[in-house]
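# A closer look at the structure
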Amino acid sequence: PPVAAEALATLLADAKAATAASRWGKATKLYREALKLEPENAEARTGLGISLVLSDSGYREAIPLLKEAVKSEPTNAQAWLALGMAHQNLGQDAQAKGPYQQYLKLRPTGTMANEVREALKAIP
């Protein structure tokens, strides 16, 4: 129905605005609401995964969402970065390596590139 599509578009726009303002808790809530309307929505799943990592609240929950995100959108540097961060925050350094390397391939001069290089040096 058009009403659901409109509601979904509004939720996604509000979630993006919350993400842009680094309001991760609000973004997480909005992406969850969007997924209730359309559980297979890739944008909402990716956004939820990223906001869970950046809010330091749901690394385990974020990993499958982000793995799916990078599979369907392999050039999404932000999703690769969040996937690496999620693994690293769970103490899974070996699993963080690949996503971090992929992030650097996509964004060699990205805002987090230096931090990611440092993190990679620390991983045996």
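Now for a quick tour of the structure. What you are looking at is a predicted structure, and each value in this text was computed from that prediction instead of being measured.

## Points about helix 1 (residues 2-20)
Between its terminal C-alpha atoms helix 1 stretches 27 Å, which fits the 27 Å expected from 19 residues at 1.5 Å a residue. Within the span of helix 1, buried status applies to L8, L11, L12, A15 and A18. Within helix 1, the buried residues cover an arc of 125° as seen down the axis, which keeps them to one side. For helix 1, the exposed residues lying more than 90 degrees away from the buried face are P2, V3, E6 and A20. Of the surrounding elements, those touching the buried residues of helix 1 are helix 2 (24-37) and helix 3 (42-54).

## Focus on the side chain of T28
Its place among the elements puts T28 in helix 2. On the basis of relative accessibility, which here comes to 7%, the residue T28 falls in the buried class. Polar contacts involving the side chain of T28 include one to the side chain of S51, which spans 3.2 Å.

## A look at the environment of L12
Along the polypeptide, L12 turns up in helix 1. Along the backbone, L12 and L35 are 23 residues apart, and their C-alpha atoms lie at a distance of 9.7 Å. Those residues in contact with L12 that lie beyond four places of it in its chain are Y31, A34, N41, E43 and A44.

## Quick look at the packing of helix 5 (residues 77-89) against helix 6 (residues 93-106)
Interhelical geometry of helix 5 versus helix 6 gives an angle of 160° and a closest axis separation of 8 Å. Taken as axis vectors, helix 5 and helix 6 run roughly antiparallel relative to one another. Handedness of the crossing formed by helix 5 with helix 6: left-handed. Between helix 5, through A77, W80, L81, L83, G84, M85, H87 and Q88, and helix 6, the contact on the second element is made entirely by D93, Q95, A96, P99, Y100, Q102, Y103 and L106. For the contact of helix 5 with helix 6, the per-class residue count stands at 10 nonpolar, five polar and one charged.

## A look at the packing of helix 6 against helix 7 (residues 113-122)
One can describe the packing of helix 6 onto helix 7 by two numbers: an axis separation of 10 Å at closest approach and a directional angle of 145°. By crossing handedness, the relation of helix 6 to helix 7 is classed as left-handed. Here helix 6 contributes K97, Y100, Q101, Y103 and L104 to the contact with helix 7, which in turn contributes A113, V116, R117, A119 and L120.

## Some words on helix 4 (residues 59-72)
Count 3.6 residues to each turn of an α-helix, and residues three or four apart come out pointing the same way. With 14 residues, helix 4 ought to run about 20 Å at 1.5 Å a step, and its terminal C-alpha atoms sit 20 Å apart, in line with that. Among the residues of helix 4, those classed as buried are Y59, A62, I63, L65, L66, A69 and V70. Here the buried face of helix 4 lies against helix 3 and helix 5.

Procedures and definitions
Residues numbered from 1 in each chain as written. Predicted model: local features only at pLDDT ≥ 70, side-chain atom pairs only at ≥ 80, totals over all residues. Heavy atoms only, no water. Helix = DSSP H or I, 4+ residues; strand = E, 2+ residues; numbered from the N terminus. Expected span 1.5 Å × (residues − 1). Buried < 20%, exposed > 50% of the residue type's maximum accessible area, 1.4 Å probe, protein only. Arc of directions from axis to C-beta. Contact = heavy atoms within 4.5 Å. Polar contact = N/O pair within 3.5 Å; in protein donor to acceptor, adjacent residues only side chain to side chain. Axes fitted to C-alpha atoms, helices over the stretch in contact; angles between N-to-C directions. Parallel < 35°, antiparallel > 145°, perpendicular 65-115°, else oblique. Left-handed = near helix turned anticlockwise from the far one by under 90°. Nonpolar A, V, L, I, M, F, W, Y, C, P; charged D, E, K, R; others polar.

As far as function goes, none of this settles anything; it's purely spatial.
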